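Okay, here's what each chain looks like letter by letter:
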Amino acid sequence: MSGLTTTLETPTGGKYEQPTGLFINNEWVKGVDGKEFEVYNPANESVTCKVSEATEKDVDIAVAAARKAFEGPWRKETPENRGKLLVKLSELFEKNLDLLASVEALDNGKAYNMAKVDISMCAGTLRYYGGWADKIEGRVTDTTPDTFNYIKKEPVGVCAQIIPWNFPLLMFAWKIAPAIACGCTVVIKTAEQTPLGGLVAANLIKEAGFPPGVINVISGFGKTAGAALASHMDVDKVAFTGSTVTGRSILKAAAGSNLKKVTLELGGKSPNIVFADADIDNAISWVNFGIFFNHGQCCCAGSRIYVQDTIYDKFVEKFKERAQKNVVGDPFAKDTFQGPQVSQLQFDRIMNYIKAGKEAGAKVEIGGNRKGDKGYFIEPTIFSNVTEDMKIMQEEIFGPVCAISKFSTQEEAIRVGNATTYGLAAAVHTKNLNTAIEVSNALKAGTVWVNTYNTLHHQMPFGGYKESGIGRELGEDALSNYLQTKTVSIRLGDALFG
Ligand code: ADP
């Protein structure tokens, strides 16, 4: 397991060569200090392999590579070619879908079948922004007759992108695609829990034909490599997805260094509101998917479920039945819906929340325990008898744990729906159009789903109100994260000034 590649095997991907180095300037290199760290398989707690660890010195080298590419060949690249490269990368993701999904399942523990959907969404995102690359336009604005003014959009420059472990490759695609479309260069740091997919993707980046230094992929820890990127004096922008606590420290690092531009996609505690007139079976399916999809490790997870009092008892019974049918187990087994949590640390955090819920007097309707004795599996857990001030109602658990509560009026649903510091997502289940629109308008959330949940799409902006973030990813909106506006004003004629 030494050197810059190691042979790994997955039940669905067979044997493959896993890169383990740092991808800088289109080359595989070791970290300057030669450090490595272990990557764990969350399904059985064994060490999968070791990968090179980027330190501050490696961050400097990667940023210098990105700067050189930005000021040099990439600046001169045509928008059309930037688009073609993204489309080519999208095709390579599709071509390697089984392998990439296998690596994600191995590294993160997510169900292989779900990981395949992630990779399709990566391909969709890359292709979508490939289409945008040659459609970024400025405008001409008349002010006075003797002036010609144009306003153009320019790439913001060298971008640091720091991503989490819950959707390792999807977050990778969400980050690099708009940055590249806009003409930026990138140093992307994957999460220390899940570096493998990004390293496999780096080989595809090279194969697609991206020039050296345009996309650099490093593995490393938040407090060292991540912090070095956030406070780097030659990074023009940092884009981050992760916890609100870390988001704050990134904002502070930007403020304390070169005031680099910052976008943050942070945590959530999203309400999933079910009115009595909803189609109950559909609502239950979406509520179940809303919280238990990806093992509850979604920033937009519908973790607070509010059900109108007249159907509450029936809903709880049916929801329990539904959740107990979720197959929890080996990520590579055909029917698995829920695999292990990503790490020991996350497992412990979630079990502590479950303990806190029990101690606060909430009732465990189902679950509440570890599943099995190997791997970080947790039973789907539903709490009832909860109050708004309980920790399990206010804090993001990031696991297969939800709290269910009742409301009686629309006003009350809106009030409790908005009663957290977060504002990432929300959902309303109802057949009444007025209720759907009135409640959607009143909820303080960046995304509101009606009679559905977690149905993200690369054409639709995604991001947070309140403490759930700054800026939007996806859709046309994400382009503005990677562009800056230049005003050029030209005085016409040859009359002397003054
Ligand atoms: P978690 O606690 O679930 O690991 P984080 O928000 O801390 O979530 O991590 C998300 C990403 O942020 C990871 O890539 C991690 O390495 C990085 N990170 C963590 N702490 C910092 C930090 N202080 N500065 C920059 N990046 C960080």
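Residues numbered from 1 in each chain as written. Predicted model: local features only at pLDDT ≥ 70, side-chain atom pairs only at ≥ 80, totals over all residues. Heavy atoms only, no water.

### A closer look at the sheet that holds strand 7 (residues 139-140)
Line of reasoning, step 1. On the basis of which strands lie adjacent, the open sheet formed by three strands has the order 7-8-22 and antiparallel pairing. Unpaired on one side and paired on the other, strand 7 and strand 22 (483-491) mark the two borders of the sheet.
Line of reasoning, step 2. Of the strand pairs in this sheet, strand 7 and strand 8 (residues 147-155) are connected by two bridges, and their pairing is antiparallel. If you follow Arg139 over to strand 8, its bridge partner there is Ile151. (Pairing = 2+ DSSP bridges. Helix = DSSP H or I, 4+ residues; strand = E, 2+ residues; numbered from the N terminus.)

### Some details on the environment of Gly34
Line of reasoning, step 1. Positionally, Gly34 belongs in the loop between strand 4 (27-29) and strand 5 (36-41).
Line of reasoning, step 2. For the pair Gly34 and Met460, spaced 426 residues apart in the sequence, the C-alpha separation amounts to 42 Å.

### Looking at the UniProt feature "active site" (unreviewed entry) in the protein chain
Line of reasoning, step 1. Residues annotated by UniProt as "active site" (unreviewed entry) correspond here to Glu265.
Line of reasoning, step 2. Looking at the element boundaries, Glu265 is found in strand 13 (residues 261-265).
Line of reasoning, step 3. Taking the relative accessible area as the measure of exposure, Glu265 reaches 2% and is therefore buried.
Line of reasoning, step 4. In this structure Glu265 touches Trp174, Phe240, Thr241, Gly242, Cys299, Leu424, Phe462, Ser468 and Glu473, once residues within four positions along its chain are discounted. (UniProt positions renumbered as here; feature names shortened; annotations may be inferred. Buried < 20%, exposed > 50% of the residue type's maximum accessible area, 1.4 Å probe, protein only. Contact = heavy atoms within 4.5 Å.)

### Observations regarding the packing of aromatic side chains
Line of reasoning, step 1. One pass over the structure, following the stated rule, counts 18 aromatic pairs.
Line of reasoning, step 2. Centre to centre, the rings of Trp74 and Phe210 are 6.3 Å apart; their planes meet at 45°, and the pair counts as tilted. A residue pair is termed long-range when its members are at least 10 positions apart, and Trp74 in helix 2 (residues 73-76) and Phe210 in the loop between helix 7 (196-208) and strand 11 (215-218) qualify at 136 residues. Like Phe210, Trp74 is buried.
Line of reasoning, step 3. Taking 5.4 Å as the distance between ring centres and 90° as the angle between the ring planes, the aromatic pair formed by Trp165 and Phe398 counts as edge-to-face. Residue Trp165 is located in the loop between strand 9 (158-162) and helix 6 (168-181), and its partner Phe398 is located in the loop between helix 13 (391-394) and strand 18 (401-407); the two are separated by 233 residues in the primary sequence. When sorted by exposure, Trp165 lands in the same class as Phe398, which is buried.
Line of reasoning, step 4. Put simply, the rings of Phe167, Trp286, Phe289, Phe293 and Phe337 pair up and form one aromatic cluster.
Line of reasoning, step 5. The ring of Tyr482 is capped by Lys237, whose NZ or CZ atom sits 5.1 Å from the centre of that ring. (Phe/Tyr/Trp six-rings, centres within 6.5 Å; stacked < 30°, edge-to-face > 60°. Lys NZ or Arg CZ within 6 Å of the ring centre and 35° of its normal.)

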